[in-house]
Amino acid sequence: MNSIPVIIDCDPGVDDAVALFLAFASPELDIRAITTVGGNVPADKTARNGRLLRQLAGLKDRPPVHAGAAEPLERRLDIADHFHGAEGLGSLEPFEPDAPLADGSSAEAIVHHVMTSEPGTITLAVTGPMTNVALALRQDPAVAGRLKRIVAMGGSRSEGGNITASAEYNIWADPEAAHEVLSSGVEVVMLGLDVTHQVRTPDAVIETIRTIGTPAAEACAAMLDYGQYTARKWGEGQEGPMHDPCVIAYILRPDLFELRSCTIQVETVSDLTRGHTQVEFRVPADTAQHRWGVRADRDGVFDLIVQALRRAT
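Note that this is a predicted model, so its numbers are computed, not measured. (Residues numbered from 1 in each chain as written. Predicted model: local features only at pLDDT ≥ 70, side-chain atom pairs only at ≥ 80, totals over all residues. Heavy atoms only, no water.)

A.B. asks: Which parts of the structure should I look at to understand the pattern of salt bridges?
C.D. replies: Side-chain pairs of opposite charge can arise whenever the charged atoms involved come near each other. With the rule as written, the count across this model stands at 17 salt bridges. Between Arg-311 and Glu-28 there is a salt bridge, and its shortest N-O distance comes to 3.7 Å. Note that Arg-311 is positioned in helix 13 (residues 298-311) and Glu-28 in the loop between helix 1 (14-24) and strand 2 (29-36), a separation of 283 residues in sequence. Overall, the relative accessible area of 47% leaves Arg-311 in the partly exposed class. The class for Glu-28 is partly exposed, based on a relative accessible area of 22%. Across the pair Arg-282 and Glu-280 runs a salt bridge whose closest N-O atoms are separated by 2.8 Å. On the basis of relative accessible area, Arg-282 is assigned to the exposed category, the value being 74%. Residue class for Glu-280 comes out partly exposed when judged on its relative accessible area of 23%. Members of the salt-bridge network, linked through shared partners, are Lys-45, Arg-48 and Glu-87. (Salt bridge = Lys/Arg side-chain N within 4 Å of Asp/Glu carboxyl O. Helix = DSSP H or I, 4+ residues; strand = E, 2+ residues; numbered from the N terminus. Buried < 20%, exposed > 50% of the residue type's maximum accessible area, 1.4 Å probe, protein only.)

Next comes the structure, spelled out in structure tokens:
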């Protein structure tokens, strides 16, 4: 089976960590780079966390981890440590990874890998604010025409927001970047809260993952545990949603999701509705460049995670 070339742009982050563990354990993916951005926690911590998680997965200096934008395009960074913990890894004690960062910024790495690969081959998996992606498109607009697609976690339509009444964090954190990316002409699959809120973690799955016994599985279980803790703390139910793993799960198993063709626009002007995603389904399916997630197979997603972690033992 041919592997799927991907770049993972992320802000680890508890659920980013689960997404990365799934990706690292999936031989179907050819991970060209991990590019990190300030988001859930500041950029120095997301860059450290990307390398730390790679090390826990038993990998050394590959795939390379690049540090990216510390601030949004036009705003100051508002972090989400109230959901992810002060270090971004929940209750996991951080450490300084053995391997250093790769040379070059996240935006430079995105441009390099896309422009040196065959056109239409690289999938960009985005699980944080879209700042790095927008900067890459500014650096070389030709990137838009050479990407296969972007699969991103972000936005909300029917579910309402998780940072304001109408905005999801990743889009709210840098709405200008999201607007630029969604206006670039790239095909974008957007998995927002409408679908990720369907992927809530059963306690039994956490115990199953913990029994696998590898450092990656134990850390993954700790992340899922912390997701339960924050969901209960903030009154979101007994089972925490796992947003970012949906991006990797979709790339591996698109049959686990139902999408609708649409056009997505982002509010960048109003402070009241900053980061709101207007998702318009009344567009011709054959010309729409955006796809919106409406349904997910929760059990299928978690089975994918469990099986990948087991195979990696």
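A.B. asks: In this structure, what is going on with the side chain of Ser-26? I would like to understand it.
C.D. replies: Assignment of secondary structure puts Ser-26 in the loop between helix 1 and strand 2. A polar atom in the side chain of Ser-26 sits 2.6 Å from the backbone oxygen of Leu-22. Ignoring any residue separated from it by four or fewer positions in sequence, one finds Ser-26 in contact with Leu-252, Ala-308 and Arg-311. (Polar contact = N/O pair within 3.5 Å; in protein donor to acceptor, adjacent residues only side chain to side chain. Contact = heavy atoms within 4.5 Å.)

A.B. asks: Please clarify how the nonpolar core should be interpreted in this entry.
C.D. replies: Inside soluble globular proteins, nonpolar side chains tend to come together where they are buried. Formed by 59 residues in total, the largest nonpolar core has its most connected members in Ile-8, Leu-191, Ile-209, Ile-248 and Phe-257. Top element by residues in this core is helix 1. It accounts for 9 residues. The contacts of Leu-191, once residues within four sequence positions are left out, are Val-151, Ala-152, Met-153, Gly-154, Thr-196, Cys-246, Val-247, Tyr-250, Phe-257, Leu-259 and Gly-293. Counting 34 residues, the second-largest nonpolar core is a separate cluster that includes Leu-73, Ala-136, Ile-150 and Ile-171. (Core = buried A, V, L, I, M, F, W, Y, C linked by side-chain atoms within 4.5 Å.)

A.B. asks: Explain the packing of helix 1 against helix 11 (residues 215-233) here, please?
C.D. replies: It is the contact of helix 1 with helix 11, at a shortest axis distance of 9 Å, that shows an interaxial angle of 150 degrees. In terms of orientation, helix 1 lies roughly antiparallel with respect to helix 11. Considering only the axes of helix 1 and helix 11, their crossing is left-handed. Contacts from Val-14, Ala-17, Val-18 and Phe-21 of helix 1 reach helix 11 at Ala-216, Ala-219, Cys-220, Met-223, Leu-224 and Tyr-226. Of the residues contributing to the contact of helix 1 with helix 11, the split by class is 10 nonpolar, no polar and no charged. (Axes fitted to C-alpha atoms, helices over the stretch in contact; angles between N-to-C directions. Parallel < 35°, antiparallel > 145°, perpendicular 65-115°, else oblique. Left-handed = near helix turned anticlockwise from the far one by under 90°. Nonpolar A, V, L, I, M, F, W, Y, C, P; charged D, E, K, R; others polar.)

A.B. asks: In this structure, what is going on with the packing of aromatic side chains? I would like to understand it.
C.D. replies: The relation between two aromatic rings is expressed through the spacing of the ring centres and the mutual angle of the planes. Taken as a whole and judged by the stated rule, the model has 4 aromatic pairs. Centroid distance Phe-83 to Trp-234: 5.7 Å. Interplanar angle 40 degrees. Geometry classified as tilted. Placement of Phe-83 in helix 3 (residues 81-84) and of Trp-234 in the loop between helix 11 and helix 12 (245-252) is noted, with a sequence separation of 151 residues between them. On the basis of an interplanar angle of 40 degrees and a centroid distance of 6.3 Å, the ring pair of Tyr-169 and Trp-172 is categorised as tilted. Residue Tyr-169 and its partner Trp-172 are both found in helix 7 (residues 169-173); the two are separated by 3 residues, about one turn of the helix. Sitting above the plane of the Phe-281 ring, Arg-260 keeps its charged end 3.9 Å from the centroid. For the cation-ring pair, Arg-274 lies above Trp-172, with the distance from its terminal atom to the ring centre recorded as 3.8 Å. (Phe/Tyr/Trp six-rings, centres within 6.5 Å; stacked < 30°, edge-to-face > 60°. Lys NZ or Arg CZ within 6 Å of the ring centre and 35° of its normal.)

A.B. asks: Teacher, can you tell me more about empty space enclosed by the protein here?
C.D. replies: Rolling a probe over the atoms, with the probe sized like a water molecule, indicates the empty space that remains. Applying the stated criterion to the full structure yields 1 cavity of 30 Å³ or more. Estimated volume of the largest cavity: approximately 380 Å³. Looking at the largest cavity, it is lined by 25 residues, and the ones nearest its centre are Asp-15, Phe-83, His-84, Asn-162 and His-243. The set of elements that each furnish at least two residues to the lining of the largest cavity consists of helix 1, helix 3, helix 7 and helix 11. At 4 residues, helix 11 tops the list of elements feeding residues into the lining of the largest cavity. Residue composition of the lining of the largest cavity, grouped by class: 10 nonpolar, 10 polar and 5 charged. (1 Å grid on protein atoms, 1.4 Å probe; cavity = no way out; pocket = protein on both sides within 12 Å on 5 of 7 lines; lining within 4 Å. Points joined across faces, edges and corners; volume = space filled by probe spheres on them.)

A.B. asks: Just checking my understanding: could you explain the sheet that holds strand 7 (residues 257-266) for this structure?
C.D. replies: Read across the sheet, 9 strands follow the order 3-2-1-4-5-6-9-7-8 without closing on themselves; strand pairing throughout is mixed. Two strands close off the open sheet at either side, each with one partner strand: strand 3 (65-66) and strand 8 (277-280). In this structure, strand 2 lies alongside strand 3, joined through 2 bridges in parallel fashion. Along strand 3, the bridge assignment pairs Ile-34 with Val-65. Against the sheet, helix 8 (residues 175-182) engages strand 5 (149-153), strand 6 (188-191), strand 7 and strand 9 (290-296), with an angle of about 110 degrees to strand 7. (Pairing = 2+ DSSP bridges.)

A.B. asks: Help me out: how do you make sense of the pairing of strand 1 (residues 4-10) in this one?
C.D. replies: Every other side chain in a regular strand lies on the same face of the sheet, so the side chains alternate between the two faces. Of all 7 residues in strand 1, 6 are buried, a share of seventy percent or more. Two elements, strand 1 and strand 2, share 7 bridges in a ladder whose sense is parallel. Along strand 2, the bridge assignment pairs Asp-9 with Thr-35. One crossover worth recording links strand 1 to the parallel strand 2 by way of helix 1, and it is right-handed. (Right-handed = clockwise from strand over helix to strand, strands pointing away.)

Remember, this is a structural readout, not a statement about activity or role.
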